[in-house]
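# Breakdown of the fold
Letter by letter, the chains look like this.
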Amino acid sequence: MRTRKEVLGVAGAGSHHWVGDGFPVYNLFPSNGVEKQIDPFLMLDYVSPTEFAPSKKPRGVGEHPHRGFETVTIAYQGSVDHRDSAGNAGTIHPGDVQWMTAASGVVHEELHERKFTEAGGTFEMIQLWVNLPKAYKMSAPRYQGITAAQIPAVYWGRGASARVIAGELDGVRGPAKTFTPINLFDLRLAAGSHVKLDVPSGHQAALVLLRGELLLNESTVVAGPAHMALLSRDGDSVTIEATADSVILALSGEPIGEPVASRGPFVMNTETELRQAMEDYQAGRMGHLN
Ligand code: MN
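Read on for a plain summary of the structure. Keep in mind the model is a prediction, meaning the values are calculated, not measured. Per chain, residue numbering runs from 1 following the sequence as it is written. Only residues with pLDDT of at least 70 are given local features in this predicted model, and only at 80 or more are side-chain atom pairs given and counted; all residues enter the totals for whole chains, interfaces and linings. Calculation of side-chain values draws on the structure's entire complement of heavy atoms; hydrogens and water are dropped beforehand.

## Here we look at the coordination of the manganese ion
Listed as protein donors to the manganese ion are His64 (NE2), His66 (NE2), His108 (NE2) and Glu110 (OE); their distances from the metal cover 2.1 to 2.3 Å. Coordinating N, O and S atoms are those within 2.8 Å of the metal (3.2 Å for Na, K and Ca), and as water is not part of the atoms, a site may appear to have fewer donors than expected. Each donor residue of the manganese ion lies on the same chain, and together they follow the pattern H-x1-H-x41-H-x1-E. Here histidine 64, found in strand E5 (residues 60–66), pairs with histidine 108, found in strand E10 (residues 106–112); they are 44 residues apart in sequence, far enough to count as distant. Helix numbers and strand numbers start at the N terminus; a helix is a DSSP run of H or I with at least 4 residues, a strand a run of E with at least 2.

Pasting the structure below:
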């Protein structure tokens, strides 16, 4: 029998702060306290559309490490230049997604693209952190630079569509390789459109509304910017009515259910592993940028 996922609650951003000098972010979680209900996702930062004046020096975050999880960067407007100690480098353009598995450890930098910096313009981006189970936390780093052209879409008509970044929707599979079952969809709903979104039973799930306004399951209003609706594990669909033109990131995944020990850029299972991560980084065992 098909049942609906319940809307457990709606939460705004718990904080608004700068990451480096390039990313003024709304932090949706964990600062709003919902992280246990959204395992395997650890963190979501959203840069809402922000104007940057032309400049000579790229803004962003210089060399820093990560271990124990994945960073997923989704560019909406403006571009990001990236390079890391595993030898990967690239530019994330609007519509592209970078899925970086830090796992045992990488050092990287994330900067506004040089061309974007010099021209100035509107910047909009999401960074999502995806946890790894203990079995993969110390595996080799991996880098998936996924271009907009590689991301298939589902079209429902009436200005409603979903780009399938990871997982599966209506028989369409996304290109991102994941370690645990995860769905990640970039939804665009024109005002007046109405869709029933399938979300697997057993997945913890959230709809992150970047811009717009929604009515979920005919009863819960979510108004942007930067609000999220948490959905129940049980149930396999949710109905979404857009009452304004809306941009939504739909995320769901099977919870990992393991202990989380987290400090800054490291997410492990225990305090001892966090201390080891810091020691390994300081000793240069996660490498350096050339
Ligand atoms: Mn980073």
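Once you've had a look at it, read on.
## Description of unusual backbone geometry
Of note, the amide linkage connecting aspartate 39 to proline 40 takes the cis form, showing an omega dihedral of 20 degrees. Looking at the secondary structure, you find proline 40 in the loop between strand E3 (23–29) and strand E4 (41–52). One non-glycine residue, alanine 226, adopts positive backbone phi at about 55 degrees. With respect to the helices, strands and loops of the structure, alanine 226 is situated in the loop between strand E20 (220–223) and strand E21 (227–231).

## Observations concerning the sheet that holds strand E8 (residues 89–92)
Taken in spatial order, the 4 strands line up as E5-E10-E7-E8 in an open sheet, and their pairing is antiparallel. In this open sheet, the two strands that pair with only one neighbour each are E5 and E8. Between one strand axis and the next, the sheet turns through 20 degrees on average, direction left out of account. With 5 bridges connecting them, strand E7 (residues 80–84) and E10 associate as antiparallel partners. Bridging from a neighbouring strand, aspartate 84 pairs with histidine 108 of E10. Pairing between two strands is assigned when DSSP locates at least 2 bridges connecting them. Axis lines are fitted to C-alpha atoms, over the contacting stretch for helices. Their N-to-C directions set the angle, which ranges from 0 to 180 degrees.

## With respect to the pattern of salt bridges
Just to be clear on terms, a salt bridge is a Lys or Arg side-chain nitrogen sitting within 4 Å of an Asp or Glu carboxyl oxygen. If you walk through the whole model with that rule in mind, you get 11 salt bridges. Between arginine 67 and aspartate 280 there is a salt bridge, with its nearest N and O atoms 3.0 Å apart. Highlighted residues: arginine 67 in the loop between E5 and strand E6 (69–77) and aspartate 280 in helix H3 (residues 271–282), separated in sequence by 213 residues. Each residue's exposure class comes from its accessible area (1.4 Å probe, protein chains only) as a fraction of the maximum for that residue type: buried when under 20%, exposed when over 50%, partly exposed otherwise. Aspartate 280 sits in the buried class, given a relative accessible area of 7%.

## Digging into H3
A helix is expected to span 1.5 Å for every residue after the first. Taking 1.5 Å of rise per residue, the 12 residues of H3 would be expected to cover 16 Å, and the 17 Å separating its terminal C-alpha atoms lies within 8% of that figure. Along H3, the residues that are buried comprise Leu274, Ala277 and Asp280. Burial along H3 is one-sided: seen end-on, the buried residues are contained in an arc of 125 degrees. Opposite the packed face of H3, turned more than 90 degrees from it, sit the exposed residues Thr272, Arg275 and Gln282. If you follow the buried residues of H3, they end up packed against strand E23 (261–263) and strand E24 (266–268). Note on H3: the residue one or two positions beyond its end, glycine 284, has a positive phi of about 80 degrees. This arc corresponds to the set of directions leading from the helix axis out to the C-beta atoms. Note on definitions: a residue-residue contact is assigned when non-hydrogen atoms from the two residues lie within 4.5 Å.

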